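If you want the building blocks of each chain, they are given just below.
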Amino acid sequence: MKKNVLVIGAGLGGLAAAISLAQEGYAVTIHEKNVKIGGKLNVLKERGYSFDLGPSILTLPHIFARLFERSGKKMSDCIPIRALRPHWRNFFEDGKVVDLYPESDRMATESRKVGEDPENVQRFLTYSANLYDLVNAGYFEQGLDTSKDFSRF
Ligand SMILES: Cc1cc2nc3c(=O)[nH]c(=O)nc-3n(C[C@H](O)[C@H](O)[C@H](O)COP(=O)(O)OP(=O)(O)OC[C@H]3O[C@@H](n4cnc5c(N)ncnc54)[C@H](O)[C@@H]3O)c2cc1C
């Protein structure tokens, strides 16, 4: 007989946990207090304008893709995604516009617009990329989530 599991909250975390548990053979029920699922991943529409209430950038699509694959589905069939250029546009009150690009050298140049030294920005981006690789390999790929395991890694 299937074991029952109750998941509280249908944000991205609750939904991903519920899907993973169902894939492992549990009978899952999700309780959500809001009228809509998605948690912070939602949109507010007011007088013709749309506001993201939470995430605007899909940072780790391969993690979501795996969730679909384990259910025998393709994410691209359900949610077609394509990278936008620029990824993101920041508007400052003084009229400056700074765009976000995936290429770190382009980002370093872009940061000149807000008075940053491109070499410092490049160093920071290289440092961040190393952190990302470390977290991806240890936390996401191996599931190391205690400080002891992660330090050893
Ligand atoms: C302004 C903003 C911008 C962000 N931008 C990005 C981004 O660009 N990229 C990115 O990857 N991440 C971004 N994030 C982070 C991302 O939104 C969160 O990490 C993610 O949505 C959190 O999901 P969650 O399921 O953990 O929590 P939540 O989305 O908060 O979901 C929790 C759910 O539980 C429900 N709930 C709580 N208590 C109960 C209860 N007692 N009974 C029933 N239901 C309950 C809530 O109603 C909610 O639906 C952003 C966050 C914010 C706030």
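Quick note: structure is the one above.
Quick caveat: nothing in here was measured; it's all calculated off a predicted structure.

*Asks:* Honestly, the site of the ligand in this entry has me stumped. Any pointers?
*Replies:* Surrounding the ligand, one finds 17 residues, the nearest of these being Gly13, Glu32, Lys40, Pro55 and Ile57. Here an oxygen atom of the ligand sits 3.1 Å away from a polar atom, N or O, in the main chain of Leu12. Lys40 has a polar side-chain atom sitting 2.8 Å from an oxygen atom of the ligand. Considered on its own, the ligand offers 1,000 Å² of accessible surface; in the complex 55% of this is hidden by protein. By residue class, the composition of the shell around the ligand is four nonpolar, 10 polar and three charged.

*Asks:* Teacher, can you tell me more about the side chain of Asn136 here?
*Replies:* Within the secondary structure, Asn136 sits in helix H5 (residues 118-140). Using a relative accessible area of 16% as the deciding quantity, one classes Asn136 as buried. Not counting chain neighbours up to four residues away, the residues in contact with Asn136 comprise His62 and Glu141.

*Asks:* Can you walk me through a nonpolar patch on the surface in this structure?
*Replies:* A contiguous nonpolar surface patch, about 750 Å² in accessible area, is contributed by Phe124, Tyr127, Leu131, Leu134, Val135, Tyr139, Phe140 and Phe153. Relative to the elements of secondary structure, Tyr127 occurs in helix H5.

*Asks:* Which parts of the structure should I look at to understand the packing of aromatic side chains?
*Replies:* Between two aromatic rings, the relevant description is the distance of the centres plus the angle of the planes. As enumerated under the stated definition, the model contains two aromatic pairs in all. Residues Tyr139 and Phe140 carry aromatic rings whose centres are separated by 5.1 Å and whose planes lie at 80° to one another, so their mutual orientation is edge-to-face. Looking at Tyr139, the relative accessible area reads 40%, which means it is partly exposed. Classification of Phe140 by relative accessible area gives partly exposed; the value is 31%. Lying over the aromatic face of Tyr101, Arg106 brings its terminal NZ or CZ to 3.8 Å of the ring centre.

*Asks:* Honestly, the pattern of salt bridges in this entry has me stumped. Any pointers?
*Replies:* A side chain of one charge can pair with a side chain of the opposite charge if their charged atoms are brought near each other. Summed over all chains, the structure comprises six salt bridges. Its salt-bridge partner being Arg66, residue Glu141 comes within 2.9 Å of it at the nearest N-O pair. Of this pair, Glu141 sits in the loop between H5 and helix H6 (147-152) while Arg66 sits in helix H2 (residues 61-69), and the two are 75 residues apart along the sequence. The exposure class assigned to Arg66 is partly exposed, which follows from its relative accessible area of 29%. Between Asp149 and Arg152 there is a salt bridge, with its nearest N and O atoms 3.7 Å apart. One end of the pair is Asp149 and the other is Arg152, both in helix H6 and three residues apart, which spans about a single turn. By relative accessible area, which is 31% here, Asp149 ends up partly exposed.

Reading the values: rules and limits
Residues numbered from 1 in each chain as written. Predicted model: local features only at pLDDT ≥ 70, side-chain atom pairs only at ≥ 80, totals over all residues. Heavy atoms only, no water. Near = heavy atom within 4 Å. Polar contact = N/O pair within 3.5 Å; in protein donor to acceptor, adjacent residues only side chain to side chain. Areas by Shrake-Rupley, 256 points an atom, 1.4 Å probe, with all protein chains shown as cover. Nonpolar A, V, L, I, M, F, W, Y, C, P; charged D, E, K, R; others polar. Helix = DSSP H or I, 4+ residues; strand = E, 2+ residues; numbered from the N terminus. Buried < 20%, exposed > 50% of the residue type's maximum accessible area, 1.4 Å probe, protein only. Contact = heavy atoms within 4.5 Å. Patch = residues over 30% accessible without salt bridge, like charges linked within 9 Å, V, L, I, M, F, W, Y side chains within 5 Å. Salt bridge = Lys/Arg side-chain N within 4 Å of Asp/Glu carboxyl O. Phe/Tyr/Trp six-rings, centres within 6.5 Å; stacked < 30°, edge-to-face > 60°. Lys NZ or Arg CZ within 6 Å of the ring centre and 35° of its normal.

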